[in-house]
Amino acid sequence: MLFKLFFVIAGVAVIAAALLSLEQRRLLTAHAMADLHVQMDSDRKATWDAQAQIAEGTHPVALRAAVERIGLDLEPLPAADPASGELEPAVAWPGLHDFEHAPPSSRPLYPPADDPTDADATP
Amino acid sequence: MSTPTPEHPAPPRSRPVPDPALLEQSSRRVLRVGRVAIVMVTLALLALLGRVYQLQSKPSPRIAAMIDSQVSTRALDARRGSLVDRRGRVLATTRVAHLLFADPDIIEDPNTFSETVGYTLGYEPAEIEQLLFKRRGSRYIVIDKRMSEERYARYAANEELQELRGLASHPILVRDYPKNQLAGQLVGFIGHDGEGLDGLERAYNNRLKPDPGQHAFVYDRGRNRLWLANQDYKLQADGKPIRLSIDLNLQAIAEEELTAAIHEFKAESGQLVVMDPHTGEILALANYPFFDPADFRDEHGKIRDDAKLAQRNRAVTDMFEPGSIVKPLVWAAAVEAGAADPDELIDCTDVGWWKPERGPVLRDERPHGEVTFTRVLIESSNIGMAIIAERMGKQELHRILASYGLGQPTDSDLPGEVGGMLRPVEKWSWTDLSRMPMGHGVAVTPLQITRAFCALANDGVLINPTIEAADEATDEQRRTNITARVLSPRVVEQTRRALAEVVTDPNGTGRRARSELYDLFGKTGTAELPNLEEGGYYRNQYVSSFIAGAPVDRPRLVVGCFITRPDRTIGHFGGKVSGPAVRNVIERSLQYLGVPTKPERVEQDNVQQAARP
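Residues numbered from 1 in each chain as written. Chains lettered and ligands numbered in written order. Predicted model: local features only at pLDDT ≥ 70, side-chain atom pairs only at ≥ 80, totals over all residues.

**Points about the overall build of chain B**
For chain B, the count of helices and strands is 22 helices and 21 strands. A globule of 613 residues ought to have a C-alpha radius of gyration of about 25 Å, yet chain B, at 41 Å, is considerably larger. Each principal axis of the C-alpha distribution contributes one length, and for chain B these read about 175 × 70 × 60 Å. Expressed as a percentage of the 613 residues in chain B, the buried residues total 44%. Look at the contacts in chain B between residues 6 or more apart in sequence, and 70% of them connect residues 24 or more apart. (Helix = DSSP H or I, 4+ residues; strand = E, 2+ residues; numbered from the N terminus. Rg over C-alpha atoms; globule rule 2.2 N^0.38 Å. Buried ≥ 20, exposed ≤ 12 C-beta atoms within 10 Å, placed from the backbone. Contact = placed C-beta atoms within 7 Å.)

**Overview of the pairing of strand E20 (residues 537–550) of chain B**
Residues and elements named next belong to chain B. When strand E19 (residues 521–530) meets E20, the two strands line up antiparallel, connected through nine bridges. Bridge pairing in E20 links Gly-525 to Ser-545. Hairpin connection between E19 and E20: a loop of six residues separates the two successive antiparallel strands, and Gly-535 in this loop has a positive phi of roughly 85°. Both E20 and strand E21 (residues 557–564) contribute to a ladder of eight bridges, which runs antiparallel. Counted as the bridge partner of Ala-550 is Leu-557 from E21. If you look at the hairpin formed by E20 and E21, you'll find six residues sitting between the two strands. (Pairing = 2+ DSSP bridges.)

**Remarks on the sheet that holds strand E8 (residues 213–219) of chain B**
In space, the three strands of this open sheet follow the order E1-E8-E9 (chain B), with antiparallel pairing throughout. Strand pairing shows two members of the sheet lacking a second neighbour, strand E1 (71–76) and strand E9 (225–228) of chain B, which therefore form its edges. Averaged over all adjacent pairs, the angle separating strand axes in this sheet is 40°, with direction ignored. As defined by bridge partners, E8 of chain B adjoins E9 of chain B across three bridges and the pair is classed as antiparallel. Within the sheet, the bridge partner assigned to Tyr-219 of chain B lies in E9 of chain B and is Arg-225 of chain B. Across the sheet, helix H1 (residues 2–57) of chain A touches E1, E8 and E9 of chain B, and the angle it forms with E9 of chain B is around 90°. (Axes fitted to C-alpha atoms, helices over the stretch in contact; angles between N-to-C directions.)

**A short note on the packing of helix H3 (residues 110–121) of chain B against helix H4 (residues 125–134) of chain B**
In helix packing, the relevant descriptors are the interaxial angle and the interaxial distance, both defined with respect to the helix axes. Residues and elements named next belong to chain B. Packing of H3 against H4 brings their axes to within 8 Å, and their N-to-C directions diverge by 135°. Here H3 is positioned oblique relative to H4, judged by the angle of their axes. For H3 against H4, the interelement crossing comes out right-handed. Taking contact as the criterion, the partners of Pro-110, Asn-111, Ser-114, Glu-115, Val-117, Gly-118 and Tyr-119 in H3 are, on H4, Pro-125, Ile-128, Glu-129 and Leu-132. Here the contact of H3 with H4 is composed, by residue class, of six nonpolar, three polar and two charged. (Parallel < 35°, antiparallel > 145°, perpendicular 65-115°, else oblique. Left-handed = near helix turned anticlockwise from the far one by under 90°. Nonpolar A, V, L, I, M, F, W, Y, C, P; charged D, E, K, R; others polar.)

**Digging into the environment of Leu-499 of chain B**
Residues and elements named next belong to chain B. Mapping Leu-499 onto the fold places it in helix H19 (residues 489–504). Residues Leu-499 and Lys-523, 24 residues apart in the sequence, show an inter-C-alpha distance of 6.5 Å. The residues touching Leu-499, leaving out its near neighbours within four places in the chain, are Pro-328, Phe-521, Gly-522 and Lys-523.

**Remarks on the confidence of the model for chain B**
For chain B, per-residue confidence averages 89 on the pLDDT scale, and residues scoring 70 or more make up 97% of the total. Scored as a whole, the predicted complex attains pTM 0.81, and scored at its interfaces, ipTM 0.73. (pLDDT = per-residue confidence, 0-100.)

**Focus: helix H13 (residues 327–336) of chain B**
Count 3.6 residues to each turn of an α-helix, and residues three or four apart come out pointing the same way. Summarising burial for H13 of chain B: ten of the ten residues are buried, a large majority. Residues of H13 of chain B that are buried include every one of Lys-327, Pro-328, Leu-329, Val-330, Trp-331, Ala-332, Ala-333, Ala-334, Val-335 and Glu-336 of chain B, and no others.

**Considerations on the nonpolar core**
Residue and element names in this part refer to chain B. Ranked by internal contacts, the top residues of the largest apolar core, which has 130 residues, are Val-274, Ala-334, Ala-548, Cys-561 and Ile-586. Beyond its immediate sequence surroundings of up to four residues, Ala-334 is in contact with Ala-339, Ala-340, Ile-388 and Met-392. Counting twelve residues, the second-largest nonpolar core is a separate cluster that includes Leu-100, Phe-113, Tyr-152 and Leu-167. (Core = buried A, V, L, I, M, F, W, Y, C linked by C-beta atoms within 7 Å.)

Quick look at the structure:
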């Protein structure tokens, strides 16, 4: 009977130790995770700071002055579309029939300038 | 009884034989005690478990207060979205700065404290001492709302300050404008609450605005951070960055040339707009006087008077009578509609004045005589344009001006944009019919008129100006940006040829903008400023404008320069005041964009010809 009791108590003790160990590891992990959270937050802010510093150091006027001082011979930026030289790729515009001021037929909207019915007769 | 010896050992003791009945009774007792003990231990464990459950789920207020004091929630800072130019260069961003504060309750000697902090960090000790006694009872006295980087570095490196009781700093997020006044009015600024108040900071506030998060930590009694609490966790979301259509190099060029022109002619203000006529993208937008979003408040946090004058983006908020820069728009539409032919002779009179059928006499700067309609544009004859306008009539002229988008906002997303002024045709007088084609009686914003001019560089297609760069825009997306086709490519080409002569002809009003590097086409404008108090116009106050595009055969840029109140004793005509500035911007910008100059193109042609068999 005592042996059984000892066995049960020992079993429970082992399980408890294992659980405690797991719990300790969970807490350590949680602690490490908390530290990482803080570290990540800090690193994010350090990145923002670095980005702002880079932005300050790349003012076009300051860069141009630096390039002139050093005597660099810079090539112009390549256009987006080398074939056409456009800043952006070409777009097909609406057809010619879309424009607003074209006469609707071959007959001109306006009579010749010397016609007496000129001026504001046109709607 | 004798003592036992080895020879006579003692007889062995007989062990008493246990009584089986007693044994059984004893073991029963042990078993009973054991059972009771097990039951009690079990009950105790169950009670313990119950208590744990109760502490976890419904702790008493006293316990809850103790637990709460060990959990502390802190904000997870999120960054407001950055504003970047079309090539990703930062115009506005958020960074970390540090706030310096003091707790008067734990300062041992305010006098020594003030002197130590003041002399080490460069503050006035008397002012610090004054602050310490200003709000009695407060344990949070801000000494510096935003320490400079150099000052914070000095603070962080100084051990004496780090250990000084009652002095501490904490990080804060601040909005930074690293390019200072470059595109200042365009960028705008935010208020103390982080909300956009002006410029694109205001226009795109909803997209730029971050959504801060929070997380809670459990601390031990010594306030050492243990772990994240399973409560109050919210992930932060940074604001979205926005890529603008402007190019900071072009912006710098535009601001430099505008400043040079303003200083040369001692003008009051000016705007310079650079657009890509094919996409409608605003590549640069300069406003003089300049505004620095990083430095516009006084020591009390109020906007300085000089900054109030400069902060407005006048390229969209202010309108003016454009003058002769409207002529090419009317000229092209008249040719398109068949109301006039470019080679048709128009009698602009030899005396320099002309009486319309109705309305007052109209004058030219100088007599032009009988010239072709093309020369009317080149020499900027008011009379020639009025004659053609009379042919077209009020309705048609109104329709033409409206078709270019005059009188309505361009929907550019820029805050505060006004639509200019184009009165309904019913309210036109006969004077308007002869004055509108020369740009009087109508009011436009610099952006509006530059956008209208873009139609002459874009095969007659009027396109919406945009300030946000489109990421990998599809053809369909870009087509939705088109307002209308207002002219045919044939007429546009004729107009561009005429406008090129405005710059190249010895009598052309834009001859001072002639470039040796690129072929320009453009139109000058010199409009008197209206006297809004007494009516009529000021005699010596002008808006001197010039709008041009280049290269003529395949326009890449359209640049408009508008300078207000130049000193007349130095010069006031648009061609003289704004012409050279536009030419310089076009030359420098096209070279930056890699567009071959005229000499380079001749060289390329020669190489190609030599390469042919």
